[in-house]
Amino acid sequence: DAKTTQPPSMDCAEGRAANLPCNHSTISGNEYVYWYRQIHSQGPQYIIHGLKNNETNEMASLIITEDRKSSTLILPHATLRDTAVYYCIVRAHTGGTSYGKLTFGQGTILTVHP
Amino acid sequence: NAGVTQTPKFQVLKTGQSMTLQCAQDMNHEYMSWYRQDPGMGLRLIHYSVGAGITDQGEVPNGYNVSRSTTEDFPLRLLSAAPSQTSVYFCASSSLPGGMNTEAFFGQGTRLTVV
């Protein structure tokens, strides 16, 4: 699986958009970009994933660059409850039994302040 | 739906003791996995399974055994606990990638201390 690079920490004011970047310059054509978050040592929670088109759901938006070498997770109106560690993961959907594995890096600690 | 249920939530073991961490899911997911998380670090994959009767090693499998006799259950066994196995353990399940819905669901974790 391709490795990802994220900033170790970011701050955001409550009510503002939080934009979390992720670099995945070695991503392969069959690898998707996934985002998970982990709130205060709870189990990680799925946020969103995409291949090459921008995606949006009720939690967030995912913007993937045209060359797919980087992406940005956008939380449109951050709240205090969005304070968490955010993990960007690339994961293949095909290619043998190993393709289901999620490889977690250090993630980005997002702190939302009042 | 209960989702992914892990038991126990907390456990203290003495060095050399054995125990089994339980994981059950009620979503009929084929794929299940175990991770450990040490302070300040991301999750590391221990073992995973793509279906009943099929398991494989992840990144840090030493000291752990798994089996998958049913779709629902994926227990993790520590045969002889060591202080280095003090960690928080997470179980996860998902449908196999390739389908439309490949979101992984995680349990709430088991906090294990080996003294």
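Here the structure is shown first, and the text comes after it.
For the structure given in this document, a descriptive report is provided here. What you are looking at is a predicted structure, and each value in this text was computed from that prediction instead of being measured.

Strands in a sheet are paired, the pairing made by backbone hydrogen bonds, and the direction either parallel or antiparallel. Residue and element names in this part refer to chain B. Read from one edge to the other, the open sheet built from four strands follows the order β1-β3-β8-β7, with strand pairing classed as antiparallel. Two strands lie at the open edges of the sheet, namely β1 (4-7) and β7 (64-66), each paired on one side alone. Within this sheet the neighbouring strands show an average axis-to-axis angle of 20°, counted without direction. Across three bridges, strand β3 (residues 19-25) lies against strand β8 (residues 76-78) in antiparallel orientation. Within β8, the position partnered with L21 by the bridge is L76.

Residue-level contacts link 25 residues of chain B with 22 residues of chain A. Of the roughly 1800 Å² buried between chain B and chain A on both sides combined, carbon and sulfur atoms contribute 52%. On inspection of chain B and its partner chain A, the count reaches zero salt bridges. Within the residue set of the side of chain B that touches chain A, elements represented by two or more residues are β4 (31-37), β5 (43-51) and β9 (87-94) of chain B.

Let us look at the pattern of salt bridges. This model, assessed by the stated rule, comprises three salt bridges over all chains. Across the salt bridge formed by D82(A) and R37(A), the nearest N and O atoms sit 2.8 Å from each other. In this pair, D82(A) is assigned in the loop between β7 (70-75) and β8 (84-92) and R37(A) in strand β3 (residues 31-38), connecting sequence segments 45 residues apart. Classification of R37(A) by relative accessible area gives buried; the value is 10%. D38(B) is paired through a salt bridge with R36(B); the nearest N and O atoms lie 2.9 Å apart.

Reading guide: rules and limits
- Residues numbered from 1 in each chain as written.
- Chains lettered and ligands numbered in written order.
- Predicted model: local features only at pLDDT ≥ 70, side-chain atom pairs only at ≥ 80, totals over all residues.
- Heavy atoms only, no water.
- Pairing = 2+ DSSP bridges.
- Helix = DSSP H or I, 4+ residues; strand = E, 2+ residues; numbered from the N terminus.
- Axes fitted to C-alpha atoms, helices over the stretch in contact; angles between N-to-C directions.
- Contact = heavy atoms within 4.5 Å.
- Buried area = accessible area lost by both parts, 1.4 Å probe.
- Salt bridge = Lys/Arg side-chain N within 4 Å of Asp/Glu carboxyl O.
- Buried < 20%, exposed > 50% of the residue type's maximum accessible area, 1.4 Å probe, protein only.

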